Amino acid sequence: MTGVGFGAFVRRAHDAGHLVVQPRMGMSSPERMRAGLLATKGAAATTVGTITLDSYTRVGDLESAELAVLEGVALNGYPIVSHETTTTLNVLDGIHGPDFPVQVRHGSAAPEDIFRALTAVGLDASEGGPVSYCLPYGRVPLRESVAHWAASCELLAAGRESGAEPHLETFGGCVLGQLCPPALLVAVSVLEALFFRRHGIRSISLSYAQQTDPRQDAEAVAALRSLCARLLPDTEWHVVVYAYMGLFPETEEGAYRLLGKAAELAAATGSERLIVKTVAESRRIPSVAENVAALEHAAAVAARTPRAPLDGTGTQTYAEASALVNAVLELDDDLGAALLTAFAKGYLDVPYCLHPDNAGFSRSYIAADGRLCWADIGRMPLDGVADVRPARAITSADLLDSLSYVRRSFDRHDPDDTWPVALPAPRGA
């Protein structure tokens, strides 16, 4: 089975006026995984398939994954390294192809075994990154993650020798998932894309996760696209928007409203792909049927949303993101070394991230107009660029209130409500 060109498929769909929609789906049973892919392919939407891996495989505990496969124990994803190659080939048979590429999603800071397993069955699309799959929730030191990802990119890029065009998606635009001001998300996404490019990958997608304010999100996607046009001129690239990754609404109406806003964001900004979430996100792992319903809802909303991208370079988000990217690139010609230095110096600093390689000085808050803003930039090179409000102590109650902000906004039933909903400004602001 030869490569099918994940990036090329998405580009063709976009040129034809379609937003590609994609689930985050993974089942340990080969039969259920195949059924999920078939249902995704058959949805009334332009789709690509997803095989999301299990937690054991993500952290490299292959012994536990193999034992689960042998004993028939259900896992929270597909253990691609532990299943026989023939098993996965049977899962993909007649499904994966030029009209339906499949991406493997995993969450690993050391994905070499995963990349070997996916290429062995003819797949050539995955995602992650040396920063975003290390911070904020990983335990692997950043130095080790950078080394693993350099080797993994080169392993995947070797597929070009056989005529494939391997594809990698940055997870950098989803760092922390929520409460991270968009400029930092954009900067990390761009830096991971440049890292992929320098290690041989020529087809790349750059992620951005929906946050708390639709206008700010539109500015962020525009900034991301402008930086890509400037820094990746010789690379096939596209932008993938993620539906909100924090606490999802508990009501079906609220969940569909929020997913619809994500689809509008993707379509209006000219983004090429959307990762959906479902009505079940607040309660449990969604069913295949719920995933299909989410795909079709998002596709329908996108189809009636005109493209209206903003100017990418004239915003606050662009100014901050560009300053961060430029500062990191000036640290070292070796981008991996530059990333390590950037975190050591606090030039990149993810708010509320407890990983030991993160400086931990930056803080953010949701302003009264719904925008994510800096309360403290720490040592990041944003003096005179960022609009920083006087810092104050962010209490645990403040943090919990902010984390549930989007859920509360979309679960209310007043038809006159609009998003965003005003919150009190930080004391002292």
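The rules behind the values
- In this convention, every chain numbers its residues from 1, walking through the sequence in written order.
- Side-chain atom pairs in this predicted model are given and counted only at pLDDT of 80 or more, local residue features only at pLDDT of at least 70, and totals for whole chains, interfaces and linings cover all residues.
- Based on all heavy atoms of the structure, the side-chain values leave hydrogens and waters out of the count.
- Strands are runs of DSSP state E lasting at least two residues, helices are runs of H or I lasting at least four, and both sets are numbered from the N terminus onward.
- With the radius of gyration taken over C-alpha atoms, the globule rule is written as 2.2 Å times the number of residues to the power 0.38.
- Each residue's exposure class comes from its accessible area (1.4 Å probe, protein chains only) as a fraction of the maximum for that residue type: buried when under 20%, exposed when over 50%, partly exposed otherwise.
- Contact between two residues is taken to exist if any of their heavy atoms lie within 4.5 Å; hydrogens are not considered.
- Think of a nonpolar core as a cluster: buried Ala, Val, Leu, Ile, Met, Phe, Trp, Tyr and Cys residues, connected wherever their side-chain atoms sit within 4.5 Å.
- A pair of strands is considered paired only if DSSP assigns at least 2 bridges between the two.
- Look down the strands so they point away from you; if the path from the first strand over the helix to the second goes clockwise, the crossover is right-handed.
- Here a cavity is any set of points on a 1 Å grid over the protein atoms alone where a 1.4 Å probe fits but cannot get out, and a pocket is any open set with protein on both sides within 12 Å along at least 5 of 7 lines; a residue lines the site when it has an atom within 4 Å of a point.
- Grid points are joined across faces, edges and corners, and a volume is the space filled by probe spheres set on the points.
- Residues are sorted three ways: Asp, Glu, Lys and Arg are charged, Ala, Val, Leu, Ile, Met, Phe, Trp, Tyr, Cys and Pro are nonpolar, and all the rest, Gly among them, are polar.
- An expected span of 1.5 Å times one less than the residue number is assigned to each helix.
- This arc is built from the directions going out from the helix axis to the C-beta atoms.
- Predictor confidence is given residue by residue as pLDDT, running from a minimum of 0 to a maximum of 100.
- Only the contacting stretch of a helix is used when fitting its axis, a line to C-alpha atoms as for every element, and angles between N-to-C directions run 0 to 180 degrees.
- Angles are sorted into four bins: roughly parallel if under 35 degrees, roughly antiparallel if over 145, roughly perpendicular if 65 to 115, and oblique for all others.
- Pairs of N or O atoms are called polar contacts if they sit within 3.5 Å, as long as, within protein, a hydrogen donor faces a hydrogen acceptor (for residues adjacent in sequence, only side-chain-to-side-chain pairs).
- Definition used for salt bridges: Asp or Glu carboxyl oxygen within 4 Å of a side-chain nitrogen of Lys or Arg.
- Two helices cross in a left-handed way if the nearer one is turned anticlockwise from the farther one by less than a right angle. They cross in a right-handed way if the turn is clockwise.

- You'll find the protein chain entered in an unreviewed UniProt entry as Methylaspartate mutase, with Streptomyces corchorusii given as the organism.

1. Concerning the overall build of the protein chain
Moving on, step 1. Per the secondary structure count, the protein chain includes 15 helices and ten strands.
Moving on, step 2. Whereas a compact globule of 429 residues would reach a radius of gyration of roughly 22 Å, the protein chain reaches 20 Å, a difference of no more than 12%.
Moving on, step 3. With respect to the principal axes defined by its C-alpha atoms, the protein chain has extents near 60 × 50 × 45 Å.
Moving on, step 4. For the protein chain, the proportion of its 429 residues judged to be buried stands at 57%.
Moving on, step 5. When contacts within the protein chain are restricted to residue pairs at least 6 apart in sequence, long-range pairs at least 24 apart make up 72% of them.

2. Comments concerning the nonpolar core
Moving on, step 1. Residues Leu37, Ile51, Leu184, Phe195, Leu206, Leu274 and Leu348 are the most contacted members of the largest nonpolar core, which totals 106 residues.
Moving on, step 2. For this core, the element with the most residues is helix α8 (residues 182–198), which contributes twelve residues.
Moving on, step 3. Dropping the residues within four chain positions of it, phenylalanine 195 is found in contact with Pro130, Val146, Trp149, Ala150, Cys153, Leu335, Gly336 and Leu339.

3. Some details on the pairing of strand β5 (residues 167–170)
Moving on, step 1. Of the two faces of β5, both are covered, the one formed by His167 and Glu169 as well as the one formed by Leu168 and Thr170.
Moving on, step 2. Of the strand pairs in this sheet, strand β4 (residues 125–128) and β5 are connected by four bridges, and their pairing is parallel. From the neighbouring strand, glycine 128 faces β5, where its bridge partner is threonine 170.
Moving on, step 3. The parallel pair β4 and β5, bridged by helix α7 (residues 142–157), forms a crossover whose chirality is right-handed.

4. Observations concerning the layout of surface pockets
Moving on, step 1. What the largest pocket holds in volume is close to 1100 Å³.
Moving on, step 2. If you trace the largest pocket, you find 43 residues lining it, with Arg24, Thr52, Leu53, Asn76 and Glu281 closest to the centre.
Moving on, step 3. By residue class, the composition of the lining of the largest pocket is 20 nonpolar, 13 polar and ten charged.
Moving on, step 4. Reported here for the second largest pocket is a volume of approximately 290 Å³.
Moving on, step 5. Along the walls of the second largest pocket sit 17 residues, with Arg58, Val59, Gly60, Ala109 and Val140 positioned nearest its centre.

5. What about the environment of alanine 303?
Moving on, step 1. Summarising the element assignment, alanine 303 is placed in helix α11 (residues 288–303).
Moving on, step 2. Taking the relative accessible area as the measure of exposure, alanine 303 reaches 70% and is therefore exposed.
Moving on, step 3. Each C-alpha atom, one on alanine 303 and one on glycine 26, is 27 Å from the other, the two residues being 277 residues apart in sequence.

6. Digging into helix α2 (residues 30–42)
Moving on, step 1. The first and last C-alpha atoms of α2 sit 18 Å apart over 13 residues, in line with the 18 Å expected at 1.5 Å per residue.
Moving on, step 2. Where α2 is concerned, the buried positions are Pro30, Met33, Gly36, Leu37 and Thr40. One side of α2 holds all its buried residues, which, seen down the axis, span an arc of 125°. Exposed and facing more than 90 degrees away from the buried side of α2 are Glu31, Arg32 and Gly42.

7. Some thoughts on the confidence of the model for the protein chain
Moving on, step 1. Of all residues in the protein chain, 92% attain a pLDDT of 70 or more, and the chain-wide mean is 90.
Moving on, step 2. Taken together, the stretch residues 420–429 has pLDDT below 50 and engages in 25 contacts with residues farther than four places along the chain or on a different chain.

8. Considerations on the packing of helix α6 (residues 112–120) against α7
Moving on, step 1. Relative to each other, α6 and α7 sit at 10°, their axes nearing to 9 Å. Looking at the two axes, α6 sits roughly parallel to α7. Along the contact surface, α6 presents Glu112, Phe115, Arg116, Leu118 and Thr119, while α7 presents His148, Trp149, Ala151, Ser152, Leu155 and Leu156.

9. Some words on the side chain of histidine 167
Moving on, step 1. With respect to the helices, strands and loops of the structure, histidine 167 is situated in strand β5.
Moving on, step 2. A polar contact is formed between the side chain of histidine 167 and the side chain of serine 203, at a distance of 2.8 Å.
Moving on, step 3. Contacts of histidine 167, omitting those with residues within four sequence positions, involve Phe6, Gly7, Asp124, Ala125, Ser126, Leu156, Ser203, Ile204, Ser205, His238 and Arg273.

10. Focus on the pattern of salt bridges
Moving on, step 1. This model, assessed by the stated rule, comprises 13 salt bridges.
Moving on, step 2. Between glutamate 219 and arginine 215 there is a salt bridge; the shortest N-O distance is 3.6 Å. Here glutamate 219 pairs with arginine 215, and both are found in helix α9 (residues 214–231), just four residues apart, close to one helical turn.
Moving on, step 3. Look at glutamate 219 and you get buried, because its relative accessible area is 10%.
Moving on, step 4. Across the pair arginine 225 and glutamate 272 runs a salt bridge whose closest N-O atoms are separated by 2.9 Å. Highlighted residues: arginine 225 in helix α9 and glutamate 272 in the loop between α10 (252–268) and β8 (273–275), separated in sequence by 47 residues.
Moving on, step 5. Residue class for glutamate 272 comes out buried when judged on its relative accessible area of 0%.
Moving on, step 6. Each of the salt bridges in this network shares a partner with another, and the network as a whole consists of Arg105, Glu127, Glu169 and Arg273.

11. Focus on the packing of α2 against α11
Moving on, step 1. One can describe the packing of α2 onto α11 by two numbers: an axis separation of 10 Å at closest approach and a directional angle of 20°. In terms of their interaxial angle, α2 and α11 are classed as roughly parallel. Crossing geometry of α2 relative to α11 is assigned as right-handed. Residues Gly36, Ala39 and Thr40 of α2 lie in contact with α11, whose contacting residues are Val288, Val292 and Leu295.
Moving on, step 2. When grouped by side-chain class, the residues that make up the contact of α2 with α11 number four nonpolar, two polar and no charged.

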